[in-house]
Amino acid sequence: MLSREEVWTVLQTVMDPEVPVISVVELGIVREVQVHDGGVRITITPTYSGCPAMHEIEADIRTALAAHQVPLLGIDLVLSPAWTTDWIGPEAREKLRAYGIAPPGRAEPQGLITLTRARQPVACPFCGSSDTHLQSEFGSTACKAIHVCHSCRQPFDEFKAF
Amino acid sequence: MTVPFQVAAPRTTPVANPLFEYLLRHGDDRLVLGHRLSEWCGHGPILEEDIALSNLALDLIGHATSILALAGTVEAKGRNEDALAYFRDAVDYRNALIVELPNGDFAFTLVRQFLFDAYSVLLWDALSGCAHESLAAIATKSLKEDKYHLRHSGEWVVRLGDGTEESHARAQSAVDTLWRYTGELFDPDGVDESIVTLGIAVDHAALKSRWDGLVSDVLQRATLTVPVDRAMRGGGRTGKHTEHLGHMLATMQIVARSHPGASW
């Protein structure tokens, strides 16, 4: 039977299916690991409520644990505390940038209604320029926004601060 | 001659499980609106908006999944979120009428979205501190997402209202048509009263007043006229729906009903 730390290490190898350079641990999806006599219980939380990758993530966790002969007692889903990109650490942010996705800034607590955005331009992950504009707050996945860089003229994804 | 609008019948029938009923109302609102938004997938006026509406649809269906799963637990009759979504008929749906209306044009879709988002954000804000732990968790999480839905739909209302003559006319027409369906969102009944003892107490008058303030502010910025309150249409909360819901459910439920128990 693996120790709690060893189980965390196994989970570190489970990559997010949509952003395969950071793990579900680095993303903050895995909240808790409990090691019992008969096996382990894992607690996960969804990023966005409608994220279609959650089932995939659950299946990937099962596969990774099975590959290490870790008996799984169950995977519990919790909603509270609500997931935030602030849980993504500096190393994972650097991995995102290297992969071509601008990492999230700090998730500012916002008022209920913020029609007008006073957002700083997001730095281009390719050339570093801040001469960029937001093309759309909605991108290829729920967690990303689309920007365009005026300096290197490339469109790029931003992992939205959330 | 003016034809009077249908007024919701007095609701005196007590419901067996008010919390279940309450969760169905809010789960169904999001499931039905989420499905309506998904109908735009592949039909959006521009690519970015096509993606945006599909994103919103996913979030709403995600919220519906959480709420209906909780409803199934509360009901304790072995129905999960899929059973509740796919194996209830229109009369058993509890969504407000505003979300089941067909999408209409882009202005109609976005104005409806804005009116609903404003309501949803304020509702979640009120419920995020309620004493029911699971509902409070759903409210807190959904609130984060609905806030950016509201920003998106609100910006579009301003853009369309304060846009061209054509977009202004279409947005105003949408506001005028939809207004009579907004009363139902703030009309408490026995179900709302029954769950106060569970620590779920939303002050509907306060909710309505905050909604009025927010909506009029954005409509004014959009150079649109705020309609005066008049006879409101209701009935959805007790299963009296427009003809549109049945047609929508037929499309939504056909696969699950044709292959019961299938998984993919």
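Counting restarts for each chain, with residues numbered from 1 along the sequence as it is written. As a convention, the first chain written is A and the first ligand written is 1, with the rest following in written order. The model is predicted, so local features are restricted to residues of pLDDT at least 70 and side-chain atom pairs to those at 80 or more, both for listing and for counting; the totals for chains, interfaces and linings are taken over all residues.

Draft legend 1. Molecular detail of the overall build of chain A. A run of H or I in DSSP becomes a helix once it reaches four residues, and a run of E becomes a strand once it reaches two; helices and strands are each numbered from the N terminus. Across its full length, chain A holds 3 helices and 7 strands. From first element to last, N terminus to C terminus, chain A shows the α and β order α-β-β-α-β-α-β-β-β-β. For chain A, the spread of C-alpha atoms along the principal axes amounts to about 55 × 35 × 25 Å. To sort residues by exposure, count the other C-beta atoms lying within 10 Å of each residue's C-beta; 20 or more gives buried, 12 or fewer gives exposed, and values between give partly exposed, all with C-beta atoms placed from the backbone. The 162 residues of chain A split such that 33% are buried.

Draft legend 2. The arrangement of the overall build of chain B in detail. Summing up its helical and strand segments, chain B has 10 helices and 0 strands in all. Helices and strands appear in chain B in the N-to-C order α-α-α-α-α-α-α-α-α-α. For a compact globule the rule gives 2.2 Å times the number of residues to the power 0.38, and the radius of gyration it is set against comes from C-alpha atoms. In terms of overall dimensions, chain B is globule-like: its C-alpha atoms have a radius of gyration of 18 Å, near the 18 Å expected for 264 residues. Projected onto its principal axes, the C-alpha coordinates of chain B cover approximately 55 × 40 × 40 Å. Split into buried and exposed, the 264 residues of chain B put 45% on the buried side.

Draft legend 3. A look at the sheet that holds strand E5 (residues 132-136) of chain A. All names here are of chain A. Two strands qualify as a pair provided DSSP detects at least 2 bridges between them. Within the open sheet, the 4 strands sit side by side as E4-E7-E6-E5. Their pairing is mixed. The open sheet has two edge strands with one neighbour each: strand E4 (101-102) and E5. Sheet topology places E5 next to strand E6 (residues 144-149); 4 bridges connect them, and they run antiparallel. Residue pairing across strands places threonine 132 opposite cysteine 149, the latter belonging to E6.

Draft legend 4. Main features of the nonpolar core. In plain words, the nonpolar core is the set of buried Ala, Val, Leu, Ile, Met, Phe, Trp, Tyr and Cys residues that C-beta atoms within 7 Å link up. Counting residues in each nonpolar core, the largest one holds 107 residues, and the members touching the most others are Val111, Ala118, Val157 and Ala171 of chain B. In this description, a residue-residue contact is defined by the distance between C-beta atoms placed from the backbone, which must lie within 7 Å. With near-sequence residues (within four places) excluded, valine 111 of chain B lies in contact with Val157, Ala171, Ala174, Val175 and Leu178 of chain B.

Draft legend 5. Structural context of the interface of chain B and chain A. Taken residue by residue, the interface counts 28 residues in chain B and 19 residues in chain A. Secondary-structure elements contributing two or more residues to the side of chain B that touches chain A are helix H2 (47-75), helix H5 (106-127), helix H6 (133-161) and helix H9 (204-221) of chain B. Here the element with the most residues in the side of chain B that touches chain A is H6 of chain B; it accounts for 14 residues. Broken down by class, the residue content of the side of chain B that touches chain A amounts to 11 nonpolar, 8 polar and 9 charged. Each residue is assigned to one class: nonpolar for Ala, Val, Leu, Ile, Met, Phe, Trp, Tyr, Cys and Pro, charged for Asp, Glu, Lys and Arg, and polar for all the others, Gly among them.

Draft legend 6. Layout of helix H1 (residues 18-38) of chain B. A helix's residues, less one, multiplied by 1.5 Å, set its expected span. For H1 of chain B, which comprises 21 residues, the first-to-last C-alpha distance of 30 Å matches the rise-based estimate of 30 Å (1.5 Å per residue) to within 8%. Judged by how many residues are buried, H1 of chain B sits mostly within the fold: 19 of 21 residues are covered.

Draft legend 7. Region of the structure containing the sheet that holds strand E1 (residues 30-36) of chain A. All names here are of chain A. Pairing is mixed across the open sheet formed by 3 strands, whose spatial order is E1-E2-E3. The open sheet has two free edges, formed respectively by E1 and strand E3 (72-77), since each of these has just one partner strand. Taken pair by pair, the neighbouring strands of this sheet meet at an average axis angle of 15°, ignoring direction. Whenever a helix is involved, its axis is fitted only over the stretch in contact; in every case the axis is a line through C-alpha atoms, and angles between N-to-C directions fall within 0 to 180 degrees. Contacts from helix H1 (residues 4-11) reach E1 and strand E2 (39-44) within the one sheet, and its direction differs from that of E1 by about 135°.

Draft legend 8. Examining the packing of H2 of chain B against H6 of chain B more closely. All names here are of chain B. The contact between H2 and H6 brings their axes to 11 Å, and the two run at 165°. With respect to H6, the axis of H2 lies roughly antiparallel. Remark: the crossing between H2 and H6 carries left-handed chirality. In this structure, H2 uses Ala52, Leu56, Asp59, His63, Ser66, Ile67 and Leu70 to contact H6, whose residues at the interface are Ser134, Leu135, Ile138, Ser142, Glu145, His149 and His152. Residues that form the contact of H2 with H6 fall into these classes: 6 nonpolar, 6 polar and 2 charged. Each angle receives one of four descriptions, namely roughly parallel if under 35 degrees, roughly antiparallel if over 145, roughly perpendicular if within 65 to 115, and oblique otherwise. Put simply, a crossing is left-handed when the front helix is turned counterclockwise from the back one by less than a right angle, and right-handed when it is turned clockwise.

Draft legend 9. A look at the pairing of E6 of chain A. Residues and elements named next belong to chain A. Bridge analysis of E6 against strand E7 (residues 155-159) gives 5 bridges, and the strand direction is antiparallel. Residue pairing in the sheet places histidine 147 in a bridge with phenylalanine 156 of E7. Between E6 and E7, which pair antiparallel and follow one another directly, the connecting turn spans 5 residues, one of which, arginine 153, has a positive phi of 60°.

Draft legend 10. Main features of H5 of chain B. End to end, H5 of chain B covers 31 Å across 22 residues, agreeing with the expected 32 Å (1.5 Å per residue, within 8%). Among the 22 residues that make up H5 of chain B, 19 are buried, leaving the element largely enclosed by the rest of the structure.

Draft legend 11. Summary view of the packing of H6 of chain B against helix H7 (residues 165-179) of chain B. Residues and elements named next belong to chain B. Between H6 and H7, the least distance of the axes is 7 Å, while the angle of their chain directions is 125°. Taken together, the axes of H6 and H7 lie oblique to each other. Between H6 and H7, the contacting residues are Val157, Leu160 and Gly161 on the first element and Ser167, His168, Arg170 and Ala171 on the second. Its residues assigned to classes, the contact of H6 with H7 shows 3 nonpolar, 3 polar and 1 charged.

Draft legend 12. Highlighting the confidence of the model for chain B. Residue-level confidence of the predictor is summarised by pLDDT, bounded by 0 at the bottom and 100 at the top. When pLDDT is averaged along chain B, the result is 93, and 95% of the positions lie at 70 or above. Scored by ipTM, the complex comes to 0.90, with pTM at 0.92.

Draft legend 13. Spatial organisation of the pairing of E3 of chain A. Residues and elements named next belong to chain A. Across 5 bridges, E2 lies against E3 in parallel orientation. Residue isoleucine 44 lies in a different strand from E3, and its bridge partner there is leucine 77. By convention, a crossover is right-handed whenever its connection, traced from the first strand over the helix to the second and viewed with the strands pointing away, goes clockwise. Since E2 and E3 lie parallel, the crossover through helix H2 (residues 54-67) that links them has a hand, and here it is right-handed.

Draft legend 14. Looking closely at unusual backbone geometry. Residues and elements named next belong to chain A. The omega angle of the peptide bond from serine 80 to proline 81 is 0°, so this bond is cis rather than trans. Take proline 81: it is sitting in the loop between E3 and helix H3 (90-98). One non-glycine residue with positive phi stands out, namely glutamine 69, at about 55°. Residue placement: glutamine 69 occurs in the loop between H2 and E3. Given 8 C-beta atoms within 10 Å, glutamine 69 falls into the exposed group. Of note in the backbone geometry, arginine 153 takes a positive phi value of approximately 60° without being a glycine. Structurally, the position occupied by arginine 153 is in the loop between E6 and E7.

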